[in-house]
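Take a look at the letters that make up each chain.
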There are 2 protein chains.
Amino acid sequence: MNILVCDDDKEIVEAIKIYLENEGYKVFKAANGLEALKAVEENEMHLVIMDIMMPGLDGLRATVRIREDKNIPVIMLSAKSEDTDKIMGLNMGADDYITKPFNPLELIARVKSQLRRYTTLGSLETKGHIYKTGGLVIDDESKAVTVDGEEVNLTPVQYKILKLLTANAGRVYSIDEIYEKVWKETAFSAENTVAVHIRRIREKIEINPKEPKYLKVVWGIGYKVEKI
Amino acid sequence: MNILVCDDDKEIVEAIKIYLENEGYKVFKAANGLEALKAVEENEMHLVIMDIMMPGLDGLRATVRIREDKNIPVIMLSAKSEDTDKIMGLNMGADDYITKPFNPLELIARVKSQLRRYTTLGSLETKGHIYKTGGLVIDDESKAVTVDGEEVNLTPVQYKILKLLTANAGRVYSIDEIYEKVWKETAFSAENTVAVHIRRIREKIEINPKEPKYLKVVWGIGYKVEKI
DNA sequence: TATTATTCTTAAGAACTTCTTAAGCTTAAC
DNA sequence: GTTAAGCTTAAGAAGTTCTTAAGAATAATA
């Protein structure tokens, strides 16, 4: 498997290269967007890891260009300080992203996950999954959520939370875990944010929010979506 | 869980130690990079908190060395005055970092977050285990407990006790042992707390709490869940 | 810029859990 | 058969977690 690592910081590229080679991947390097495009042209690449901030052609633009004619998974790298939402918004072409400083294990896990998806689904297959439990259906491709056939309109944060829980129906997530997975930041205040979003989601997907059928609390632990 | 705290400033080490011990972690100390390497060699460490500026082998180099053969999460400590971006760039081996002076709550949150990440990513998507004995089934992923197919609703403490006993069905645990494992504190006995929880659990999982089928007392020793 | 939608914060109270106390019961040992 | 120690049980006080509403802050849209 060939992986292209693109970042203007040579140390980072080198470090990532070591981790990936350790897992048996062949690694190609690029220092900016143009080099990345060239590398993808010239070699059969199976995955690209791309920094966002780079001189010349930046990572977002390069990703769009790569995606124009190739179907290669792209994982974005971004500094934690950059505005997450903005990245997410612009980030349409990418399949996943990781914030710096990152955990090498996490990087490997995400790389494997992307390669798995692309090889098992076949590269023509759309990446949108459909998640279901009972009458609750989430179509990740169209971002449509339906309950017993009725379409429900969720806001972005609400959608991410519900998707996380539904994709892993049955598993209990603590509030901190939800916060970390959805916001991609370490949860650290004893804030009530997640709870409020849970409330709003219930309002929309549950017939009776007081006796939720899908989105249940597990006292003292967290929340889960019932596996039905 | 064992955590190594490495800093040449003894006061900081001591302060961090207190916070961490308060959360139930076992804390090891090191005053410089070499001591840290030695500590990691000699003991099974689950996480390292490492200052960057230290005499002798500094934190960055020590981290790289630790990472060469161990897969332990490392959280860097750095003074706010040091150039954040530079740290980030150099910081490839680390998983997270905290600037001094830091908020103890934040430190704890980040420690927990890293340990969580490593335990869920490290062991290949740890699916919660299922523990069974006779008709009693505990699904640790969904925290669901069923007796002969009937779902039973346990509180967090009740759940932890029952899980401990069921996961080790047949083994007898003294009240003090149960207390220590579940509360992560040294039992200071004379209290009746565990007994009361046992009562409540029986009420929920036993058909006739007076003649328990699963959760049995071993007179003068403790309690066990019958291995069936 | 004004308007609207979304997200976050706050705070009060409801729901639930945990701990303590104390009395009654059972077992083991003398 | 009496006693001491260990276990069971009930009830309520204290503490924690969850829910909910309302408004402030922020972002998106016109």
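Before reading on, note that the structure itself is shown above.
Keep in mind that this is a model prediction, so the values were computed, not measured.

The local shell around DNA strand D holds 21 residues, among which Asn192(A), Tyr223(A), Arg199(B), Arg202(B) and Tyr223(B) are the closest. Contact distances for DNA strand D include 2.7 Å between a phosphate oxygen and a side-chain N or O atom of Arg202(B). Put simply, the parts of the chain that give the surface near DNA strand D at least two residues each are α8 (193-205) of chain A together with α8 (193-205) and β10 (215-218) of chain B. In the surface near DNA strand D, the residues fall into eleven nonpolar, four polar and six charged.

Bringing the nonpolar core into the picture now. Counting 25 residues, the largest nonpolar core has Leu136(A), Val145(A), Ile161(A), Leu162(A), Leu165(A), Ile178(A) and Ile205(A) as the members making the most contacts within it. Contributing elements (two or more residues each) for this core: β7 (136-139), β8 (144-147), α6 (156-167), α7 (175-183), α8 and β11 (222-225) of chain A. Of the residues forming this core, the biggest block, five residues, is contributed by α6(A). With sequence-adjacent residues up to four places away left out, Leu162(A) is seen in contact with Leu136(A), Ile138(A), Val145(A), Leu154(A), Ile201(A), Ile205(A) and Val225(A). Within the second largest apolar cluster, 24 residues are counted, among which are Tyr131(B), Leu136(B), Val145(B) and Leu164(B).

On to a negative patch on the surface. Residues and elements named next belong to chain B. On the surface, Glu-41, Glu-42, Glu-68 and Asp-69 cluster together to form a negatively charged patch. Only α2 (33-42) and α3 (59-69) provide two or more residues apiece to the negative patch. For Glu-68, the position within the fold is in helix α3.

The subject of this paragraph is the packing of α6(A) against α7(A). Residues and elements named next belong to chain A. Across the interface, α6 lies against α7 with an axial gap of 10 Å and an inter-helix angle of 120°. Judged by the twist between their axes, the crossing of α6 over α7 is right-handed. Note on element contacts: α7 touches α6 through Ile-178, Lys-181, Val-182 and Trp-183, opposite Val-157, Lys-160, Ile-161, Leu-164 and Leu-165. A class-by-class count of the residues in the contact of α6 with α7 yields seven nonpolar, no polar and two charged.

Let's shift gears to the sheet that holds strand β9 (residues 150-152) of chain A. All names here are of chain A. The four strands lie next to each other as β6-β7-β8-β9, forming an open sheet whose pairing is antiparallel. Bordering the open sheet on either side are β6 (130-133) and β9, each of which pairs with just one other strand. Sheet twist, expressed as the mean angle between neighbouring strand axes with direction ignored, is 20°. Relative to β7, β6 is paired through four bridges, and the arrangement is antiparallel. Across the sheet, Thr-133 pairs through a bridge with Leu-136, a residue of β7. Strand contacts of α6: β6, β7 and β8, with the helix running at about 110° to β7, the strand carrying the most contacts.

Right, let's talk about helix α6 (residues 156-167) of chain B for a bit. With twelve residues, α6(B) should reach 16 Å at 1.5 Å per residue; the first-to-last C-alpha distance of 16 Å fits that figure. Looking only at α6(B), the buried set comprises Gln158(B), Tyr159(B), Ile161(B), Leu162(B), Leu164(B), Leu165(B) and Thr166(B).

Before going further, it helps to examine the packing of aromatic side chains. All names here are of chain A. Using the criterion set out here, one finds two aromatic pairs over all chains in the structure. Summarising the aromatic geometry, the rings of Tyr-179 and Trp-183 are spaced 4.6 Å apart at their centres and angled 5° between planes, so their arrangement reads as stacked. Remark: Trp-183 and Tyr-179 occur in helix α7; sequence separation between them is four residues, near one turn of the helix. A residue is classified by how much of its surface remains accessible, and Trp-183, at 18% relative accessible area, is buried. When the ring centre of Tyr-173 is taken as origin, the NZ or CZ atom of Arg-171, which lies over that ring, is 4.1 Å away.

All right, on to the packing of helix α7 (residues 175-183) of chain B against α8(B) then. Residue and element names in this part refer to chain B. In contact at an axis separation of 9 Å, α7 and α8 are set at 85° when each is read in the N-to-C sense. The orientation of α7 with respect to α8, classified from their angle, is roughly perpendicular. Contacts between α7 and α8 involve Ile-175, Ile-178, Tyr-179 and Trp-183 from the former and Thr-193, Val-194 and His-197 from the latter. Tallied by class, the residues present in the contact of α7 with α8 amount to five nonpolar, two polar and no charged.

The next point concerns the pattern of salt bridges. Residue and element names in this part refer to chain A. The full count for this structure, using the stated rule, is 24 salt bridges over all chains. Linking Glu-226 and Lys-216 is a salt bridge whose minimum nitrogen-to-oxygen distance equals 3.3 Å. Here Lys-216 lies in strand β10 (residues 215-218) and Glu-226 lies in the segment after β11, a separation of ten residues in the sequence. One network of salt bridges, with partners in common, ties together Asp-140, Lys-143 and Lys-163.

In this section: unusual backbone geometry. For Asp148(A), which is not glycine, the phi torsion reads 50° and is therefore positive. Turning to its location among the elements, Asp148(A) is positioned in the loop between β8 and β9. The backbone of Lys143(B) sits at a positive phi, close to 60°, despite the residue not being glycine. If you trace the backbone, Lys143(B) turns up in the loop between β7 (136-139) and β8 (144-147). Of the residues examined, Lys143(B) reaches a relative accessible area of 26% and is grouped as partly exposed.

The rules behind each value
- Residues numbered from 1 in each chain as written.
- Chains lettered and ligands numbered in written order.
- Predicted model: local features only at pLDDT ≥ 70, side-chain atom pairs only at ≥ 80, totals over all residues.
- Heavy atoms only, no water.
- Near = heavy atom within 4 Å.
- Polar contact = N/O pair within 3.5 Å; in protein donor to acceptor, adjacent residues only side chain to side chain.
- Helix = DSSP H or I, 4+ residues; strand = E, 2+ residues; numbered from the N terminus.
- Nonpolar A, V, L, I, M, F, W, Y, C, P; charged D, E, K, R; others polar.
- Core = buried A, V, L, I, M, F, W, Y, C linked by side-chain atoms within 4.5 Å.
- Buried < 20%, exposed > 50% of the residue type's maximum accessible area, 1.4 Å probe, protein only.
- Contact = heavy atoms within 4.5 Å.
- Patch = residues over 30% accessible without salt bridge, like charges linked within 9 Å, V, L, I, M, F, W, Y side chains within 5 Å.
- Areas by Shrake-Rupley, 256 points an atom, 1.4 Å probe, with all protein chains shown as cover.
- Salt bridge = Lys/Arg side-chain N within 4 Å of Asp/Glu carboxyl O.
- Lys, Arg positive; Asp, Glu negative; His and termini not counted.
- Charge placed at Lys NZ, Arg CZ, Asp CG, Glu CD.
- Axes fitted to C-alpha atoms, helices over the stretch in contact; angles between N-to-C directions.
- Left-handed = near helix turned anticlockwise from the far one by under 90°.
- Pairing = 2+ DSSP bridges.
- Expected span 1.5 Å × (residues − 1).
- Phe/Tyr/Trp six-rings, centres within 6.5 Å; stacked < 30°, edge-to-face > 60°.
- Lys NZ or Arg CZ within 6 Å of the ring centre and 35° of its normal.
- Parallel < 35°, antiparallel > 145°, perpendicular 65-115°, else oblique.

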